[in-house]
Amino acid sequence: MSRLRALLSATAIAVFSVSAAQAGPTLDNIRSKKAITIGYRETSIPFSYLGADQKPVGFSLDLCAHVVDRLKADLGAPDLQVKLTPVNSSNRIPLIQNGTIDLECGGTASSKQRLEQVSFSVSTFASQTAWLTKVSSGLKTPKDLKGKTIVLTQGSDALGIAKGISQDDDLNLTIAQAKDHAESLLLLATGRAAAWVEADILLAGMRADYSNPADLAFLKANYGTI
């Protein structure tokens, strides 16, 4: 059951800068600065990524725009300045904790551990862990990965999930960690990793944006349903 809860993780599009008990000072800081700093991801399709013009776009940023509009009204600050800062899986929570960003608009999954560090918005998407691989590899299921190297993005909660699956299914996986989703895809595409493990929606987004999506496929796995 604990595995199932982790695999079916709820994604929150916004992470507030401090714990709920400290939300007042955070808003006071935004009010005094007359500015809010938003952290965005560069390769978290469809939540937050760089568009064709290299400007951040995505579902999460659209929702965060409404949050900003509400803040402008609640704080009586119609001229509230919006600053954008790129973040990644490794630094997104530390940058929230130290006040570098006030709000993260990406695809961060809520978990008990993370809730002890920051506050989340309501969940906006439920995802399931999945595996992406090259069609040419001939791999069909996660069990075919026994003894192979897989990749995940550093800072992703997929790390604990992958370790659990490797141990439970006796796969003896070697786990490589990439700096971001783009590098994870690169390691998979160049054969340095047999599979990439991540939330299914993120994998689907990166696959759709790949030069030849038909070259990539999902492994058949069933970890349960909601």
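Described below are features of the structure shown in this document. Since the model is a prediction, treat every value here as computed from it, not as a measurement.

Notes on the layout of surface pockets
Then, in step 1: Here the second largest pocket defines a volume of roughly 200 Å³.
Then, in step 2: In terms of lining residues, the second largest pocket is bounded by S89, S90, R92, I93, P94, S111, Q113, R114, Q117, G155 and D157.
Then, in step 3: Going through the elements one at a time, α4 (92–97) and α5 (112–115) are the ones with two or more residues in the lining of the second largest pocket.
Then, in step 4: Looking at which element gives the most residues to the lining of the second largest pocket, the answer is α4, with three residues.
Then, in step 5: The class makeup of the residues in the lining of the second largest pocket is two nonpolar, six polar and three charged.

What about the state of the cysteines?
Then, in step 1: Within the structure shown, the criterion is met by one disulfide.
Then, in step 2: The disulfide partner of C64 is C105, and the S-S distance across this bridge is 2.1 Å. Negative torsions about the S-S bond denote left-handed disulfides, and the value of about -110 degrees found for C64 with C105 makes this one left-handed. Linking C64 in helix α3 (residues 59–74) with C105 in strand β7 (residues 103–109), this pair joins segments that are 41 residues apart in sequence.
Then, in step 3: Accessibility expressed as a relative area gives 1% for C64, which makes it buried.
Then, in step 4: Look at C105 and you get buried, because its relative accessible area is 0%.

Focus on the pattern of salt bridges
Then, in step 1: Tallied over the full model, the rule gives five salt bridges.
Then, in step 2: A salt bridge links D28 to R31; its shortest N-O distance comes to 2.8 Å. Here D28 and its partner R31 are both found in helix α2 (residues 23–33), three residues apart, which amounts to about one turn of the helix.
Then, in step 3: Since its relative accessible area comes to 43%, D28 is described here as partly exposed.
Then, in step 4: Assessed through its relative accessible area of 40%, R31 is described here as partly exposed.
Then, in step 5: A salt bridge links D102 to K33; the shortest N-O distance between them is 3.6 Å.

Points about the packing of aromatic side chains
Then, in step 1: Evaluated as defined, the whole model comprises two aromatic pairs.
Then, in step 2: Seen in terms of ring centroids, F47 and F59 are 6.4 Å apart; in terms of plane orientation they differ by 55 degrees. Their pairing is tilted. Here F47, found in the loop between β3 (43–44) and β4 (48–50), pairs with F59, found in helix α3; they are twelve residues apart in sequence, far enough to count as distant.
Then, in step 3: Summarising the aromatic geometry, the rings of F47 and F125 are spaced 5.8 Å apart at their centres and angled 75 degrees between planes, so their arrangement reads as edge-to-face. In this pair, F47 sits in the loop between β3 and β4 while F125 sits in strand β9 (residues 123–134), placing the two residues 78 residues apart along the sequence.
Then, in step 4: Note on F125: relative accessible area 32%, which makes it partly exposed.
Then, in step 5: Ring pairs connect the aromatic residues F47, F59 and F125, which therefore count as one cluster.

What to know about the pairing of β9
A regular strand places its side chains on the two faces of the sheet in alternate fashion.
Then, in step 1: Pairing of β9 with strand β12 (residues 195–199), which is carried by four bridges, proceeds in the antiparallel orientation. The residue bridging L132 from the neighbouring strand is W196, located in β12.
Then, in step 2: Note that β9 and strand β13 (residues 216–218) share three bridges and pair antiparallel. Of the residues in β13, the one forming a bridge with L132 is F218.

Describing the sheet that holds β3
Then, in step 1: Spatially, three strands are ordered β3-β4-β5 in an open sheet, and the strand pairing comes out antiparallel. For this open sheet the edge positions go to β3 and β5 (56–57), each flanked by a neighbour on one side alone.

Rules behind the numbers
- Residues numbered from 1 in each chain as written.
- Predicted model: local features only at pLDDT ≥ 70, side-chain atom pairs only at ≥ 80, totals over all residues.
- Heavy atoms only, no water.
- 1 Å grid on protein atoms, 1.4 Å probe; cavity = no way out; pocket = protein on both sides within 12 Å on 5 of 7 lines; lining within 4 Å.
- Points joined across faces, edges and corners; volume = space filled by probe spheres on them.
- Helix = DSSP H or I, 4+ residues; strand = E, 2+ residues; numbered from the N terminus.
- Nonpolar A, V, L, I, M, F, W, Y, C, P; charged D, E, K, R; others polar.
- Disulfide = S-S within 2.5 Å.
- Buried < 20%, exposed > 50% of the residue type's maximum accessible area, 1.4 Å probe, protein only.
- Salt bridge = Lys/Arg side-chain N within 4 Å of Asp/Glu carboxyl O.
- Phe/Tyr/Trp six-rings, centres within 6.5 Å; stacked < 30°, edge-to-face > 60°.
- Pairing = 2+ DSSP bridges.

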